[in-house]
Amino acid sequence: MATPLVASLSVAAAAMGGRYLIQAWQAFKARPVVPRVRRFYPGGFEQQMTRREAALILGVREHAPLDKIKEAHRRVMVANHPDSGGSHYLASKINEAKDVFVGKLRGGSSVF
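Being a predicted model, the structure only gives us computed values, none of them experimental.

Analysis parameters
Residues numbered from 1 in each chain as written. Predicted model: local features only at pLDDT ≥ 70, side-chain atom pairs only at ≥ 80, totals over all residues. Heavy atoms only, no water. Helix = DSSP H or I, 4+ residues; strand = E, 2+ residues; numbered from the N terminus. Buried < 20%, exposed > 50% of the residue type's maximum accessible area, 1.4 Å probe, protein only. Lys, Arg positive; Asp, Glu negative; His and termini not counted. Salt bridge = Lys/Arg side-chain N within 4 Å of Asp/Glu carboxyl O. Contact = heavy atoms within 4.5 Å. Axes fitted to C-alpha atoms, helices over the stretch in contact; angles between N-to-C directions. Parallel < 35°, antiparallel > 145°, perpendicular 65-115°, else oblique. Left-handed = near helix turned anticlockwise from the far one by under 90°. Nonpolar A, V, L, I, M, F, W, Y, C, P; charged D, E, K, R; others polar.

## A word on the side chain of Glu53
Secondary-structure assignment places Glu53 in helix α2 (residues 51–58). Buried and unpaired, Glu53 has no salt bridge, with Lys93 as the nearest side chain of opposite charge at 5.5 Å. When residues no more than four places from it in sequence are discounted, the contact partners of Glu53 are Gly44, Phe45, Glu46 and Gln48.

If you want it as structure tokens, here you go:
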């Protein structure tokens, strides 16, 4: 008499556990996809470069120390220098970004 009762309770528990797993899997599949890679700045350049845009170009924080800014400028310029196949326009924007942080603005915007 106890064996059919235990068997039916086991089947009911397995069915409820299976139902829970199916619902959990469906909720897992329905969640929004979050990209696991770092997202880059999607926009173009502003007319007058701000400290925020300069920080995004150099890859530093807005209140980074001067040595970090110079190191980041050097790293980005090596990758984008016109003599090694980079763009003159990007090189001028990188230099302008460094000038925004250092405080040497020559008229406000790049040559281009």
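Still more to cover.
## A few points about the packing of α2 against helix α4 (residues 88–102)
The geometry of α2 relative to α4 is characterised by a closest axis approach of 9 Å and an angle of 125° between their N-to-C directions. For the element pair α2 / α4, the angle class is oblique. Judged by the twist between their axes, the crossing of α2 over α4 is left-handed. Side by side, α2 and α4 meet where Arg51, Ala54, Ala55, Ile57 and Leu58 of the first sit next to Lys93, Ile94, Ala97, Lys98, Val100 and Phe101 of the second. Tallied by class, residues from the contact of α2 with α4 come to eight nonpolar, no polar and three charged.

## Digging into the pattern of salt bridges
Tallying each qualifying case throughout the model produces one salt bridge. In this structure, Lys93 and Glu96 form a salt bridge, with 3.5 Å as the shortest nitrogen-oxygen distance. Remark: Glu96 and Lys93 occur in helix α4; sequence separation between them is three residues, near one turn of the helix. In terms of burial, Lys93 and Glu96 fall into one category: buried.

## Things to note about α2
All of the buried residues along α2 are Glu53, Ala54, Ala55 and Leu58. The inward-facing, buried residues of α2 contact α3 (66–80) and α4. Directly beyond the C-terminal end of α2, a positive phi value near 80° is found at Gly59.

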